[in-house]
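The residues making up each chain are set out below.
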Amino acid sequence: MEKKKYNLTIGVVLGAVLGLVVGLILKEKSDNLAVFGNLFMRLIQMPLIALVMCSVMEAVGGLKPAELGKLGGLTIALFAVTSAVGGIFGVILGFVFKPGVGLDMSIFAVDTSYVAPDNGGIIDTIMGYFSNNIFNSMSSGNNLQCVIAAILLGVALSIYGSKNEKNPVLDGIRALNKIIMQYISIVIQLLPLAIFSFVAQAVGVLGNQLFKALGLLVTADFVGMICMTVIFGTLTALFCGVNPMKLFGKLGQTATVAAVSASSAVALPTKVEDTQKKLGVSPRIAKFVCPMGMSMNCDGALMFFTLSCITVAQAFGIVQTTGDLIHMVLFSTAFSFAVITVPGGGLVMLAIILQACGLPAAGMVIISAADFILGPIRTVNNNIDDMMVAMVVSKVDGEFSKGIYDGTKEFDPSVESYK
C-alpha cells in the first residue's frame, strides 16, 4: 500500500482547533502547555544567523551579473520598494486598528533584559546598519548588519562566478543552506504541536481578549491587502497606459490559486501564464520576473511581519520609537531577499524578525492562532504584486503588449520577446 504523505497544513488546522478546545476547557491551567511552543521556538531560532546569511548570499550570489544589471537591477529595486511599502502599510494598520491593545500579557514570562539600542540621529541610524566586524555582528545577533553584509557578499559572489568556471564558495553556501533548510524542514514538522500549544495557552489565559485581538489582526491584514492591491494596481495600469479596472479581473485566477494553496510555489505556473496571456507581458520578462519574485518579493509578508510586530509590542506595552520602526521595516525588507519557502516559513521568518527587533517571542502565541487565515492573505499579495512588477519592467524594457492586455491581439506562445 502507498504510504500517505503527511499534510502539514491539515496538521496545523487540527492543532489550532484542538488547542482552542483544550484552552477553553483548561483555562489558566493551559499555560503549562507552553513548554511545547517554547521548545519549538528554541529549535527554530538555533540556526538563525546561519539561516539568514546563507539564504541571502545564495539568493543574490546565484544571480548573474547581467541579472544584477539593468533588467535585474530594476526588478530587484521594484521588489525592494513594494516590500518596503508593504512594511509601512503594516505599521500604519497596526496603529490604526491597534489589535494588541488591551491584551493582558502579564502571565507570560518575558525576558526584560533586552534594551533597545540608542538609534541616535538618522546618520547614526544608517551607519549602524553596516558592520565593521561581521563576526562580532554574528555573535551579538545584529541580524540587520548580517543581512546587509550578506547582500554585499552575494554581489561579490555573483561577480566572481561570472569570471570563473567554478564558484566553490557559492557551491559551499548552497550546500550549507540545503542542510539548514533540511533542519528547518524537520523541525517544522513539530509546527502543529507548537500551534496547539500556542493556541491552547493563548485561549486559556487570554480568553475573549484573544478573539477580539485576532479579529482586529485579520481585519487589518485583509484591509491592507485590498488597499495595496488597489493602489499598486492603479499606479501600474496608469504607468502602462491601460485601463485599471480591467487589471483587477485579470488577477483573479492567480489570486484564487494562491489563496487556496497558500503557496507561492504552487501558484507560480498560473502566475507566469496569466502574466503572459492576460497582462501582455512578454514571455521573456514574465519567466524572469515571476520566479525571482517567488523568492525575493514578499510585500504581503512584509505587511504581515510589521503588523504582527506592532501587535506584539502593543500587547506587552512596549513603546517603539521612530528609529525602532525604521529598523523594523528595513530589516524586514532586507530579509525579504531570502523568503523561506518551506511550509510554515512565514512563522519562522516572523520569529526571526521579532528577535531582531527585540520583541518577546511569547508574542507568537497571539499571531500563530490566526496564521492559517493570515497565510493565504499574504500569499495572494505576494503573487499578484509580482505580476504588477512584471508589467512595469516589461513597459520600461519595451516588451509590454497593450493589444494582448486589451484582448485585441492573440497571445502567441512561440514568441519569447516583443522587441
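None of these values were measured; they are calculated from a predicted model.

**Some words on the environment of Pro99**
Phase 1 of the analysis: Mapped onto the fold, Pro99 is located in the loop between helix H4 (70-97) and helix H5 (122-127).
Phase 2 of the analysis: Taking the relative accessible area as the measure of exposure, Pro99 reaches 2% and is therefore buried.
Phase 3 of the analysis: For the pair formed by Pro99 and Ala213, sequence separation is 114 residues and the distance between their alpha carbons is 4.7 Å.
Phase 4 of the analysis: When sequence neighbours within four positions are dropped, the list of residues in contact with Pro99 reads Gly94, Ala213, Leu216, Leu217, Leu307, Thr311 and Gln314.

**Some thoughts on the nonpolar core**
Phase 1 of the analysis: Membership of the largest hydrophobic core comes to 118 residues, with the highest contact counts inside it found for Ile366 and Met391.
Phase 2 of the analysis: Not counting the four nearest positions on each side in its chain, Ile366 is found in contact with Leu103, Met105, Leu210, Leu214, Thr311 and Ala315.

**Section: the packing of helix H9 (residues 191-206) against helix H10 (residues 208-240)**
Phase 1 of the analysis: Where H9 contacts H10, the two axes come as close as 6 Å, and the packing angle between them is 115°. Contact residues: H9 offers Ala202, Val203 and Leu206, while H10 offers Asn208, Gln209, Leu210 and Phe211.
Phase 2 of the analysis: Class assignment of the residues belonging to the contact of H9 with H10 gives a composition of five nonpolar, two polar and no charged.

**Considering the packing of helix H13 (residues 264-277) against helix H19 (residues 371-396)**
Phase 1 of the analysis: Put simply, H13 and H19 touch, their axes get as near as 10 Å, and they point 30° apart. One element, H13, and the other, H19, form an angle in the roughly parallel class. Crossing angle aside, the handedness with which H13 passes H19 is right-handed. Residues Ser264, Ala267, Lys271, Asp274 and Thr275 of H13 form the contact with H19, whose own contacting residues are Thr379, Asn382, Asn383, Asp386, Met387 and Ala390.
Phase 2 of the analysis: Within the contact of H13 with H19, the residues separate by chemical class into three nonpolar, five polar and three charged.

**Some points on the pattern of salt bridges**
Phase 1 of the analysis: Tallied over the entire structure, the rule returns eight salt bridges.
Phase 2 of the analysis: Among the ionic pairs, Asp274 bridges to Lys278, the shortest N-O distance being 3.7 Å.
Phase 3 of the analysis: Among the salt bridges present, the one from Arg284 reaches Asp397, with a minimum N-O distance of 2.6 Å. Separated by 113 residues along the polypeptide, Arg284 in helix H14 (residues 283-296) and Asp397 in the loop between H19 and helix H20 (402-406) bring together distant segments of the chain.

**Details of unusual backbone geometry**
Phase 1 of the analysis: Look at Lys98: it is not a glycine, yet its phi comes out positive at around 50°.
Phase 2 of the analysis: Mapped onto the elements of the fold, Lys98 is located in the loop between H4 and H5.
Phase 3 of the analysis: Relative accessible area serves as the criterion here: at 41%, Lys98 is assigned to the partly exposed category.

**Considerations on the UniProt feature "transmembrane region" (unreviewed entry) in the protein**
Phase 1 of the analysis: As annotated in UniProt, the feature "transmembrane region" (unreviewed entry) corresponds to residues 39-60, 72-97, 142-162, 183-207, 213-240, 301-319 and 325-354 in the numbering used here.
Phase 2 of the analysis: Within the segment residues 213-240, helix and strand shares are 100% and 0% respectively, and the terminal C-alpha atoms sit 40 Å apart.
Phase 3 of the analysis: Between the C-alpha atoms that bound residues 301-319 there is a distance of 23 Å. The span itself is 79% helix and 0% strand.

Scoring rules and cut-offs
Residues numbered from 1 in each chain as written. Predicted model: local features only at pLDDT ≥ 70, side-chain atom pairs only at ≥ 80, totals over all residues. Heavy atoms only, no water. Helix = DSSP H or I, 4+ residues; strand = E, 2+ residues; numbered from the N terminus. Buried < 20%, exposed > 50% of the residue type's maximum accessible area, 1.4 Å probe, protein only. Contact = heavy atoms within 4.5 Å. Core = buried A, V, L, I, M, F, W, Y, C linked by side-chain atoms within 4.5 Å. Axes fitted to C-alpha atoms, helices over the stretch in contact; angles between N-to-C directions. Nonpolar A, V, L, I, M, F, W, Y, C, P; charged D, E, K, R; others polar. Parallel < 35°, antiparallel > 145°, perpendicular 65-115°, else oblique. Left-handed = near helix turned anticlockwise from the far one by under 90°. Salt bridge = Lys/Arg side-chain N within 4 Å of Asp/Glu carboxyl O. UniProt positions renumbered as here; feature names shortened; annotations may be inferred.

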